[in-house]
Amino acid sequence: MSLTKTDKAIILTIWNKIATQADSVGTEALERLFASFPQTKTYFPHFDLHPGSAQLKAHGAKVVSAIGDAVKHIDNVGSALSKLSELHAYILRVDPVNFKFLNHCMLVTLAVHFPNDLTAETHAAWDKFLALVTAVLTEKYR
Amino acid sequence: MVHLTPEEKNCITSLWSKVAVDQTGGEALGRMLVVYPWTTRFFGSFGDLSSAGAVMSNAKVQAHGAKVLTSFGEAVKHLDNLKGTYAKLSELHCDKLHVDPENFKMLGNIIVICLAEHFGKEFTPECQVAWQKLVAGVAHALAHKYH
């Protein structure tokens, strides 16, 4: 399931809008993740996960920044996220099922903030893109 | 059984009362067919589903989406007995329609995204929790009679 030229154009357009509120989008996606899928909190025993916590904000910003890197190197996401891929494979070892939950919460957050922009086509392109990012991050798991 | 707090039940019923069921149903089903095109396998008789534009403007998709989401209304009315409410539909989806239950989860999540789009900030994280529980409960109930 690879990205078409149209997908890439759509992804970039939406990214430019996300970039204006990148940190809060990331934080909200995480907030929604931990609320709706509480099992994901098991990966953050060392964090204060209450909404508004500094750690949550910092981590949300980090996650969206990485997505931004993937967008900027959309023709070679594997290479752009190589270090993150190793981190997830060897250190974090987040079970792959959880990426789908985060991707879903990212889409919900985008729908909340950019309702007019998330057409069916855009939704499809971003779902594919986030799946691609997931594939890269779990690539080295075994 | 779905375990919902009083606040969560309130989130569900108050949002549901404002949902344009027919329109949102068509939107949700259409999006599923666009975002996960392999789901078109169940709708061979629906005509042109070859592009996002074709899907979203397809009258049969709109009609069927409306039907599906109307049925969701039953879930909202019977939050304490989803399995009973969906027993017959579950048998239908297994024995006649042969739908992989995985599809119920996909559609459920798409309904959540549609609600987020329509209600914006009103669709708070807490609200999302309630609706994720509901769509998971409905998916589970629809799969319950599979054999």
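Computed from a predicted structure; not experimentally measured.

Scoring rules and cut-offs
Residues numbered from 1 in each chain as written. Chains lettered and ligands numbered in written order. Predicted model: local features only at pLDDT ≥ 70, side-chain atom pairs only at ≥ 80, totals over all residues. Heavy atoms only, no water. Salt bridge = Lys/Arg side-chain N within 4 Å of Asp/Glu carboxyl O. Helix = DSSP H or I, 4+ residues; strand = E, 2+ residues; numbered from the N terminus. Buried < 20%, exposed > 50% of the residue type's maximum accessible area, 1.4 Å probe, protein only. pLDDT = per-residue confidence, 0-100. Core = buried A, V, L, I, M, F, W, Y, C linked by side-chain atoms within 4.5 Å. Contact = heavy atoms within 4.5 Å. Buried area = accessible area lost by both parts, 1.4 Å probe. Polar contact = N/O pair within 3.5 Å; in protein donor to acceptor, adjacent residues only side chain to side chain. Nonpolar A, V, L, I, M, F, W, Y, C, P; charged D, E, K, R; others polar.

Caption draft 1: Inspection of the pattern of salt bridges at higher detail. Scanning the entire structure with this criterion turns up 12 salt bridges over all chains. Its salt-bridge partner being Asp75 of chain A, residue Lys8 of chain A comes within 2.5 Å of it at the nearest N-O pair. Pair noted here: Lys8 of chain A is in helix H1 (residues 5–18) and Asp75 of chain A is in the loop between helix H3 (54–72) and helix H4 (77–80), with a separation of 67 residues, a long-range link. A relative accessible area of 27% places Lys8 of chain A in the partly exposed class. Linking Lys105 of chain B and Glu102 of chain B is a salt bridge whose minimum nitrogen-to-oxygen distance equals 3.8 Å.

Caption draft 2: Highlighting the confidence of the model for chain B. Looking at chain B as a whole, the pLDDT averages 95, with 100% of positions reaching at least 70. Model confidence for the complex: the whole-complex pTM is 0.89, and ipTM, which rates the interface, is 0.80.

Caption draft 3: Main features of the nonpolar core. Membership of the largest hydrophobic core comes to 96 residues, with the highest contact counts inside it found for Trp126 and Phe129 of chain A together with Phe123, Trp131 and Leu134 of chain B. Here this core gets 11 residues from one element, more than from any other, and that element is helix H7 (residues 102–119) of chain B. If we skip the residues at most four places from it in the chain, Phe129 of chain A touches Leu3, Ile11, Ile67, Ala70, Val71 and Ile74 of chain A.

Caption draft 4: Quick look at the interface of chain A and chain B. Across the contact, 21 residues belong to chain A and 21 residues belong to chain B. Across the chain A to chain B interface the summed buried area is about 1800 Å²; carbon plus sulfur atoms make up 64%. Interface area lost by chain A to chain B is led by Arg32, His104 and His123 of chain A, which between them contribute 27%. The interface formed by chain A and chain B contains zero salt bridges. Linking chain A to chain B there are seven residue pairs in polar contact (both at pLDDT 80 or more). For the side of chain A that touches chain B, the elements supplying multiple residues, two or more each, are helix H2 (22–36), helix H6 (97–113) and helix H7 (120–137) of chain A. With seven residues, the top contributor of residues to the side of chain A that touches chain B is H6 of chain A. A per-class count over the side of chain A that touches chain B returns 12 nonpolar, five polar and four charged.

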